[in-house]
Amino acid sequence: MSEDFNTKGLDDLIKAFSEEKPVGRIGVLGDGNPRKEGNSNAEIGAKHEFGDEKVPIRSWLRMPLIDHLQEALENHGAFDQKASKKVVREKTMIPWLEKVMIVAEYVVIEAFA
């Protein structure tokens, strides 16, 4: 006697992980500059993030994310069963990544507070 296994959930999960890998970015993106002269916001942000010969390192992006992102994601349910089921149900990682990026932005904003 042959048994058939229902692999729909596994198939949906494989589909979610097989799509083109989504990319999320957070920080000062682009080269916009509201000032008439001088560095762009991204250049100023990088100078503070990494320091240089005149400016000490004052991480406003990497350190808050390293220190607080994991806990914030856990607190916002990014790893709970409901989030996993949504990935499988929708067959995509995009909504989950959007949640991660919103939480990451929140962590950075909180670091400024």
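Residues numbered from 1 in each chain as written. Predicted model: local features only at pLDDT ≥ 70, side-chain atom pairs only at ≥ 80, totals over all residues. Heavy atoms only, no water.

1. Concerning the overall build of the protein
Phase 1: In terms of helices and strands, the protein carries five helices and zero strands.
Phase 2: In terms of overall dimensions, the protein is more spread out than a globule: its C-alpha atoms have a radius of gyration of 20 Å, far above the 13 Å expected for 113 residues.
Phase 3: If one aligns the C-alpha atoms of the protein with their principal axes, the spans along those axes are about 75 × 25 × 20 Å.
Phase 4: Within the protein, the fraction of its 113 residues that count as buried is 23%. (Helix = DSSP H or I, 4+ residues; strand = E, 2+ residues; numbered from the N terminus. Rg over C-alpha atoms; globule rule 2.2 N^0.38 Å. Buried < 20%, exposed > 50% of the residue type's maximum accessible area, 1.4 Å probe, protein only.)

2. Considerations on the layout of surface pockets
Phase 1: Roughly 180 Å³ of volume is contained in the largest pocket.
Phase 2: Mapped onto the lining of the largest pocket, the elements with two or more residues apiece are α4 (81-90) and α5 (94-112).
Phase 3: Considering every element that reaches the lining of the largest pocket, the biggest residue donor is α4, with five residues.
Phase 4: Here the lining of the largest pocket is composed, by residue class, of four nonpolar, three polar and five charged. (1 Å grid on protein atoms, 1.4 Å probe; cavity = no way out; pocket = protein on both sides within 12 Å on 5 of 7 lines; lining within 4 Å. Points joined across faces, edges and corners; volume = space filled by probe spheres on them. Nonpolar A, V, L, I, M, F, W, Y, C, P; charged D, E, K, R; others polar.)

3. Details of the side chain of glutamate 49
Phase 1: Position of glutamate 49 among the secondary structure elements: in helix α2 (residues 41-50).
Phase 2: A relative accessible area of 3% places glutamate 49 in the buried class.
Phase 3: There is a polar contact of 3.1 Å between the side chain of glutamate 49 and the backbone nitrogen of tryptophan 60.
Phase 4: Not counting residues within four places of it along the chain, the set of residues in contact with glutamate 49 comprises Ile57, Arg58, Ser59, Trp60, Leu61, Arg62 and Met63. (Polar contact = N/O pair within 3.5 Å; in protein donor to acceptor, adjacent residues only side chain to side chain. Contact = heavy atoms within 4.5 Å.)

4. Notes on the confidence of the model for the protein
Phase 1: For the protein, the average pLDDT comes to 87, and 95% of its residues sit at 70 or higher.
Phase 2: The weakest mean pLDDT in the protein belongs to helix α1 (residues 8-18) at 82; the strongest belongs to helix α3 (residues 62-75) at 96. (pLDDT = per-residue confidence, 0-100.)

5. Topic: the nonpolar core
Phase 1: Counting 14 residues, the largest nonpolar core has Leu61, Leu65, Leu69, Leu73, Val103, Val107 and Val108 as its most contacted members.
Phase 2: Secondary structure elements with two or more residues in this core: α3 and α5.
Phase 3: Excluding its chain neighbours within four sequence positions, the residues that come into contact with leucine 61 are Ile26, Gly27, Glu49 and Val108. (Core = buried A, V, L, I, M, F, W, Y, C linked by side-chain atoms within 4.5 Å.)

6. Focus on the environment of proline 22
Phase 1: Along the chain, the position of proline 22 falls in the loop between α1 and α2.
Phase 2: A relative accessible area of 31% means that proline 22 is categorised as partly exposed.
Phase 3: For the pair proline 22 and asparagine 6, spaced 16 residues apart in the sequence, the C-alpha separation amounts to 28 Å.
Phase 4: Residues contacting proline 22, with those up to four places away along its chain left out, are Met93, Ile94 and Leu97.

7. Re the packing of α3 against α5
Phase 1: The geometry of α3 relative to α5 is characterised by a closest axis approach of 9 Å and an angle of 130 degrees between their N-to-C directions. Of the possible angle classes, the one that applies to α3 and α5 is oblique. Remark: the crossing between α3 and α5 carries right-handed chirality. Facing α3, whose interface residues are Pro64, Leu65, His68, Leu69, Ala72 and Leu73, α5 presents Val100, Val103, Ala104, Val107, Val108 and Ala111.
Phase 2: A class-by-class count of the residues in the contact of α3 with α5 yields 11 nonpolar, one polar and no charged. (Axes fitted to C-alpha atoms, helices over the stretch in contact; angles between N-to-C directions. Parallel < 35°, antiparallel > 145°, perpendicular 65-115°, else oblique. Left-handed = near helix turned anticlockwise from the far one by under 90°.)

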